[in-house]
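# Tertiary structure, described
Given next are the chains, with one letter for each unit.
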Amino acid sequence: MALEIKILDYGDIELESSFLVLGRDCGRTRRVPTYGFLVLGGPWPIVVDTGYRHNQIMESLGMRGLQFHENMIENQLAKYGVRMGDVRYVLHTHLHIDHAGKDELFPMNTTVLVNRRELEYSVSGLMHPQYPAPDIKHLIDRLHTRDALRFEDLELSGMIELFPGCYIEAAGAHTEGSMNVHVDTVEGRAIICGDVIYDFNDQIVTPFHELHANEPRTTGNHGVSKREEKAAIKKLLTVGKFLLPVHDKPAKIAHGQVVGRMDMAVPGPVVQSLPARNWFAA
């Protein structure tokens, strides 16, 4: 089954640059998009991540939300003829403040699916206050409503097939319970990878302050070890033809390298081509 992914634009965030890429431009502000994803072509539409609740909530992290009427999730879905009630599953790469803020707008017969470890982690106090109370309390309401919440234990089960062509697996990075969503398109496998990658250029293409060959730069915001962060990025570069993070445009991957950048759909046109790097040049 060939699926397609439409990118949902939930607005922008202004934040400190080294939050995104470890050690980069400390104290300087950078503006980044916040995306969600609509997977079409399967038995029903599914949404991956729902953005942040409202502009003011981002102030709790010292950030600035820039979300406008056109960025509201119902308006983004409507661009593709999808209503909130049409969505069968909402999947979460993880439950941080900018990923799970609009779940309560979906009816309770839309099932929210998370890696069980992520909900546990969200109430651990680690990475607080990136898990705001309103978002997590809503998930507790779903926890006590039949079929409103679905757990997987991806660290133990390995990859799970949600439906033909769509799979979920533990990410092994960013948060203890983060997961990746694999989507088989007509042009190859696309992986929605949450915040394991924030910035393709400064983490992977020309990694900021990295000296070793093929060594990615980690983000400045993670709850697991740097070794795990780097390994998770390297794994993504070997298994996906397309990578879709939440705060950067999608990338086309070949032979472990970023060779192109996409726009707001996968499959879709390559809007920027990058030259292949010859690691064995004299």
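Preceding this paragraph is the structure being described.
No experiment lies behind these values; they were computed from the predicted model shown.

## Observations concerning the overall build of the chain
When helices and strands are counted, the chain shows seven helices and 16 strands. Over its C-alpha trace the chain gives a radius of gyration of 18 Å, about what one expects of a compact globule, namely 19 Å for 282 residues. Across its three principal directions, the C-alpha atoms of the chain cover 60 × 45 × 40 Å. Within the span of the chain, comprising 282 residues, buried residues form 54% of the whole.

## Points about the nonpolar core
Formed by 27 residues in total, the largest nonpolar core has its most connected members in Phe37, Leu91 and Leu244. Among the nonpolar cores identified, the runner-up in size contains 23 residues, and Leu8, Leu77, Leu119 and Leu149 belong to it.

## With respect to the sheet that holds strand β12 (residues 242-245)
Strands sit in the order β8-β9-β10-β11-β12-β13-β14-β16 across an open sheet of eight strands; the sheet is mixed. Each edge of the open sheet carries a strand with a single partner, namely β8 (160-163) and β16 (270-273). Each strand axis lies, on average, 30° off the axis of its neighbour in the sheet, ignoring direction. When strand β11 (residues 188-194) meets β12, the two strands line up parallel, connected through four bridges. Among the inter-strand pairings, Ile192 is bridged to a residue of β12, identified as Leu244. Its contacts with the sheet place helix α7 (residues 226-239) against β9 (166-170), β10 (179-185), β11, β12 and β13 (251-254), and it is angled at close to 160° to β11.

Conventions adopted
- Residues numbered from 1 in each chain as written.
- Predicted model: local features only at pLDDT ≥ 70, side-chain atom pairs only at ≥ 80, totals over all residues.
- Heavy atoms only, no water.
- Helix = DSSP H or I, 4+ residues; strand = E, 2+ residues; numbered from the N terminus.
- Rg over C-alpha atoms; globule rule 2.2 N^0.38 Å.
- Buried < 20%, exposed > 50% of the residue type's maximum accessible area, 1.4 Å probe, protein only.
- Core = buried A, V, L, I, M, F, W, Y, C linked by side-chain atoms within 4.5 Å.
- Pairing = 2+ DSSP bridges.
- Axes fitted to C-alpha atoms, helices over the stretch in contact; angles between N-to-C directions.
- Contact = heavy atoms within 4.5 Å.

All we've got here are geometric facts, nothing functional implied.
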